[in-house]
Structures are given as C-alpha cells and as structure tokens.
Amino acid sequence: MAEMVKSTTSSGPRAAEASPVTRFFRATEIDTRLLGMIGALIIIWIGFHIITGGLFLTPRNLWNLSVQTTDIAVMTTGMVLIIVTRNIDLSVGSVLGLCGMIMGVTQAKILPEYIGFDSPFTWAITLLVGLAAGCLIGAFQGIIIAFLNVPSFIVTLGGLLVWRGATWLVTSGQTVAPMDQTFRIMGGGAEGSIGATWSWIVGICACLFVIASIVGSRRQRRRFGFPRRPMWAEYFLAVLSCVLILGAVWIANSYYWPINIAKKYAETNNIPWPETGMDIPYGIAVPVLIAIVVGIIMTFIATRLRFGRYVFAIGGNPEAAELAGIKTRWVTVRIFALMGILAAIAAAISTARLNAATNSQGTLDELYTIAAAVIGGTSLAGGTGTIAGAMLGALVMQSLQSGMVLAHVDTPLQSVVVGTVLVVAVWLDTVYRARAK
C-alpha cells in the first residue's frame, strides 16, 4: 500500500499547472522564508565585502563572525519558544551579565580557597553554578508571570533593571579576571578551537548525520503512508547540505594562528620552527560547536517532544490548550527556566571569550536576541517560529554589526540600522501572515 503513495510533485493537475520553480520547491520542501533569509544574508555579505575593500569575506572575518554570533544564537533558540507562547523576555541580557559575574567570582575568588588554583574541576563547578543561577532566575520570573498573572513584558522589564543592578552589587562594579584556563576554551581563540583534523572529522560526521536523517525521514513517511519527496530531491538536499557543511569546515581551516602564537606553541612542544614558517589552522571554534549542539537539542525539544507541542499549542490558542488539559502555567515556568539556562550558557561563552566578567556584559543583547528571533520568522502574534530560522537571524544581525564595524560606521548609526531592520522584519512578518490567510 505504501509503495503506491505518490510523490509530492505528482499530485494531479494542480502540480502539472505549477511553474518549474514552484514544483521544485514543493518537491524539495525548502522553506521559502528561510531561503529568502539566506538570500538576504548573501546580499549583506557581498555588499559589505565591496564596501570594506575585500575585508569581509575572508576566512579570518568569517571565523570571527561565527564566534561572535554564538551567544546570541544560543539565547535566541529559547526566545523562539517564549515568543511562540505570546510572551517576551527583555531581561536576557541582564541575566547573561549576572550569570557571567557569578561564574567569574566563583572561579576567581571562591573556588581557589577550597580546591586551589588550576584545579581540573574548577570549570565544571563554575559552569554548574552558572546554569543553576540562570535556571533559578528564569523559573522565578516564570512563576510570577504564570501564577501571579503579571504580564511578561513588565516582569522581564523589571528583571532587566534588577539583574543588571545585582550584577554590579556582586563585586561593587569591579571586573573579575582572569578566568580558569580550561574554562576559557569555551570562548574560542587558539586554545578554543579543535584544529583541522578534528574539524574534518566533525564535518564528515555531520554529513553522515544529515544523510541518516533524510533516509530516516523517508522511511517514516513510507511507514505511515505519507507523501514522499522524489528521489532526485532527496539526493539534491543531501548533496547541498554536505557541500555547505564541508565548505564551512574548509573556511574554518583556512584561518591560521598568528605567527607569535604559533612560535610559542612550537617552543612549548619542542617543535623546530621551519624557515618558511608554520601554518596551524584554527578549525571550528568550540563556542560554535556549543551553539550547534544547543540548536540541535532545542530543535528536538520544539519538534519531537510533547513539551514542544504544548508550547506551540499554547501559542496557537491558549484557551483551547488549557481546555485540552495542558498545564499552561507550568509550561510557561519551564520555558522561562529554559531561557535562563540558555542565558547562562551564553554567559559562559561570553565570559570565556573576554577572559573576564564585566558589568557591561549582555548590554542590549535582549534587543539582538529578540530581533534575531523575529527576523528568523518567529511571529510576535505567537504560534509560529523555527529554531533554525532564529539562529540564521542571529547570523544576519551579527553580520550587520560586524560589517558596519569594518566599514567604520559610527556607533549611533549602527543602532539606527539595527532598529530599522527589526521594524522592517516585523512589518514583513505581518504582510506574510496577511497573505497566508
């Protein structure tokens, strides 16, 4: 019976009348909104590459761009679920700053008194403390929103001020540095990247994962009698995904350590320094891997778990979801607790990258996180959003900021551009939803 199921491109006269482009998108099931974002990203990259005289599309800048995007990309995965349920979180930047300061004080001032300096457990204890702090802060805000019926806008706006003030109170405004050596790996840099060999291994494993996912999806559709993509579409998606993954790995491996760092590495490991120099590739940065893993886990939560289905059900119709037996209040608490954990992960990345915990960490990150989610297709009306789109939105936002810095655009004008992009994104979302109806 399943063998007789028709492909998605052969569904009668309607498919025959469609244009070749329409039939292509139907066959491959590519999200046109996501494709539009990729097109916009390419235009932004090419535009800044021309404006900056060829500085933007270089392995060095693209590698730095990927690292700089990670903390916003991590937080925007949680912001998707919050906005989907028709809530908002304006406190994520302040929570990031507070969690970063807590982790800085933990590893620089508290733990050395008990387990000494350079303990192999310092980074793990520090990270657990930060994650616990983020979870408690998020859950606390979620309880106020869910059980005291205070609008999330007000609660998190208050949180923006409260947690920023608490960040200052932890050390009376002092910067805490340096961080534990192992902890700093989460921030990237020469020590926080996995090198060329492991990057290729990770890239190949990612390709195998994509192929296995496509094969598994096709088997599931066949098992339940759902329409399947034609084989050429499956091959196209597999090849395209592998090309993009391996291309990203190649770019990461094309950026080499600075000469001074490479010489120091050679001296430390008793490696003779050749006359022609030594090219040591950075490879994929550890924070990029963290962001990818977070994105995969959050996608699994949003699309495969019952909790994710509850989130989208609440966003689609809160009253109907409650009548269906969904404990909407506890789902709200869990969403904000999860957001707090993600803010703590972003804080760990940010603190490790800076090698310090500062009072200004996370300032305006709430703007970039919300903007990334909205640009990525998450509707402020609730019920609609994707993790992949939000992470791509984070890359778009960071590309704009990085490009404007390279083009020597004044900081006030950068804020004007970011704000304008956010307004335009919301307007386009409104137009798209109106046409979809």
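Residues numbered from 1 in each chain as written. Predicted model: local features only at pLDDT ≥ 70, side-chain atom pairs only at ≥ 80, totals over all residues. Heavy atoms only, no water.

Focus on the domain arrangement of the chain
Right, so step 1: Partitioning the chain into structural domains gives domain 1 (34-40 + 53-191 + 285-432) and domain 2 (193-284).
Right, so step 2: The C-alpha centroid of domain 2 is placed 25 Å from the C-alpha centroid of domain 1.
Right, so step 3: Facing the 12 residues of domain 1 at the interface are 12 residues of domain 2.
Right, so step 4: Counting each side, the surface lost to burial between domain 1 and domain 2 is near 1000 Å², with a carbon and sulfur contribution of 76%.
Right, so step 5: Run the count over domain 1 and domain 2 and you get five residue pairs in polar contact (both at pLDDT 80 or more).
Right, so step 6: Of all the secondary-structure elements, those providing two or more residues to the side of domain 1 that touches domain 2 are helix 4 (59-84) and helix 11 (286-304).
Right, so step 7: Residues belonging to the side of domain 1 that touches domain 2 are distributed by class as follows: eight nonpolar, two polar and two charged. (Domains from an automatic or database assignment. Contact = heavy atoms within 4.5 Å. Buried area = accessible area lost by both parts, 1.4 Å probe. Polar contact = N/O pair within 3.5 Å; in protein donor to acceptor, adjacent residues only side chain to side chain. Helix = DSSP H or I, 4+ residues; strand = E, 2+ residues; numbered from the N terminus. Nonpolar A, V, L, I, M, F, W, Y, C, P; charged D, E, K, R; others polar.)

Describing the side chain of T369
Right, so step 1: Here T369 is to be found in helix 15 (residues 365-375).
Right, so step 2: Looking at T369, the relative accessible area reads 0%, which means it is buried.
Right, so step 3: Of note is the side chain of T369, whose polar atom sits 2.7 Å from the backbone oxygen of D365.
Right, so step 4: With residues up to four places along the chain from it excluded, the contact list for T369 reads I72, M75, T76, M79 and V92. (Buried < 20%, exposed > 50% of the residue type's maximum accessible area, 1.4 Å probe, protein only.)

Concerning the side chain of E366
Right, so step 1: Within the element layout of this structure, E366 appears in helix 15.
Right, so step 2: The side chain of E366 is buried and forms no salt bridge, while R164, the nearest opposite charge, is found at 5.4 Å.
Right, so step 3: A distance of 3.3 Å separates a polar atom in the side chain of E366 from the backbone nitrogen of G93.
Right, so step 4: Among all residues touching E366, those that are not within four sequence positions of it are L90, V92, G93, S94 and L160. (Lys, Arg positive; Asp, Glu negative; His and termini not counted. Salt bridge = Lys/Arg side-chain N within 4 Å of Asp/Glu carboxyl O.)

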